[in-house]
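A closer look at the structure
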Amino acid sequence: MTKLGLPDGIQACLFDLDGVITKTAVVHAAAWKQTFDDFLRARDGADFRPFDDTDYDEYVDGRPRADGVRTFLASRGIQLPEGAPDDPPDRQTVHGLGNRKNELLLELIRTRGVEAYDGTIRYIGVARAEGLRTAVVSSSANCRDVLRSINAEHLFDVRIDGVVAAERHLPGKPQPDTFLAAAHDLGVEPKAAALFEDALAGMDAGRSGHFGYVVGLDRVGQADALRAHGADVVVADLVNLGEWS
């Protein structure tokens, strides 16, 4: 293993954004909860079953926005019309609910700001100094703006986000396609790339994409689940991976 805690032969690092680079996973969860709770309350009345942390981890976290809506609603036996990507946020469609969530997310980011995980930022700097190439891989269409807000855009050779995925027609997590695209754009084989994720869907993508090493970031006490979904190693923070810090 190298001083970065990675197997010999790893040439590139692929980092998820929310929950790995930035502390925005909790903001995403809050926006999803308000979106779904408002929807369920209006549909089922005061006795509705609220959206909870398990729902977030199992059905929404790490997935593209519309996929998260479909997957969660399916878990409750609910099916909505697909609608169109530009549906207004009050329309009862998959895209309408997704746009409502994004509206709430942006408002939370504006009011709370965005904070980076210092351990990840420092790890990326050391990785690049060691000659490893780096990519950010996110389902968020707001990825570039978030990176700019923390002055981190320059830390990545490649960015595959929600905008790029839509342009290239890449399915999101748990499919591995966005990570595979990042490895391709960096000029490395998947087996020569390490994947850094905090979402169970990201672990699934790492396993099915046959990446060289899958690092699970346990930010919310789900280490066992991350391992079950394919993590090779689980750490609470990247300062705990290897002997670089």
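Scroll up to find the structure this text is about.
These lines cover the structure that appears in this document, whether it is placed above or below. (Residues numbered from 1 in each chain as written. Predicted model: local features only at pLDDT ≥ 70, side-chain atom pairs only at ≥ 80, totals over all residues. Heavy atoms only, no water.)

**Notes on the overall build of the chain**
Helix and strand content of the chain: ten helices and six strands. Its C-alpha atoms put the chain at 55 × 35 × 30 Å along the principal axes. Taking all 245 residues of the chain together, 51% fall into the buried category. Partitioning the intrachain contacts of the chain with sequence separation of at least 6 by distance along the chain shows that 61% fall at a separation of at least 24. Total accessible area on the chain stands at roughly 11000 Å², and carbon and sulfur atoms take up 47% of it. Within the chain, one finds 27 positive and 39 negative side-chain charges whose respective centroids are separated by 2 Å. (Helix = DSSP H or I, 4+ residues; strand = E, 2+ residues; numbered from the N terminus. Buried < 20%, exposed > 50% of the residue type's maximum accessible area, 1.4 Å probe, protein only. Contact = heavy atoms within 4.5 Å. Areas by Shrake-Rupley, 256 points an atom, 1.4 Å probe, with all protein chains shown as cover. Lys, Arg positive; Asp, Glu negative; His and termini not counted. Charge placed at Lys NZ, Arg CZ, Asp CG, Glu CD.)

**Some remarks on the packing of helix H2 (residues 53–60) against helix H3 (residues 65–75)**
It is the contact of H2 with H3, at a shortest axis distance of 9 Å, that shows an interaxial angle of 120°. Looking at the two axes, H2 sits oblique to H3. For H2 against H3, the interelement crossing comes out right-handed. Within the contact between the two elements, H2 uses Asp55, Tyr59 and Val60 and H3 uses Gly68, Thr71, Phe72 and Ser75. Partitioning the contact of H2 with H3 into residue classes produces three nonpolar, three polar and one charged. (Axes fitted to C-alpha atoms, helices over the stretch in contact; angles between N-to-C directions. Parallel < 35°, antiparallel > 145°, perpendicular 65-115°, else oblique. Left-handed = near helix turned anticlockwise from the far one by under 90°. Nonpolar A, V, L, I, M, F, W, Y, C, P; charged D, E, K, R; others polar.)

**Observations regarding the packing of H3 against helix H4 (residues 94–112)**
To characterise two packed helices, one gives the angle between the axes of the helices and the distance between these axes. At a minimum axis separation of 9 Å, H3 and H4 run at an interaxial angle of 115°. It follows from the interaxial angle that H3 and H4 lie roughly perpendicular. The handedness of the crossing between H3 and H4 comes out as right-handed. The segment H3 lies against H4, with Arg65, Ala66, Val69, Arg70 and Leu73 engaging Val94, His95, Leu97, Gly98, Asn99, Lys101 and Asn102. Residue classes in the contact of H3 with H4 are distributed as five nonpolar, four polar and three charged.

**Digging into the environment of leucine 17**
Tracing the chain through its elements places leucine 17 in the loop between strand E1 (12–15) and helix H1 (25–44). As a C-alpha pair, leucine 17 and aspartate 161 span 144 residues in sequence and 9.3 Å in three-dimensional space.

**With respect to the packing of aromatic side chains**
Applying the stated criterion to the full structure yields ten aromatic pairs. Relative to phenylalanine 196, the ring of phenylalanine 15 lies with its centre 4.4 Å away and its plane at 15°, an arrangement referred to as stacked. Within this pair, whereas phenylalanine 15 is found in strand E1, its partner phenylalanine 196 is found in strand E4 (residues 193–197), the two being separated by 181 residues in sequence. An aromatic cluster is defined as three or more aromatic residues linked by ring pairs; in this entry it consists of Phe15, Tyr123, Phe156, Phe196 and Trp244. Positioned above the aromatic ring of tyrosine 117, the side-chain terminus of arginine 219 is 3.5 Å from the ring centre. (Phe/Tyr/Trp six-rings, centres within 6.5 Å; stacked < 30°, edge-to-face > 60°. Lys NZ or Arg CZ within 6 Å of the ring centre and 35° of its normal.)

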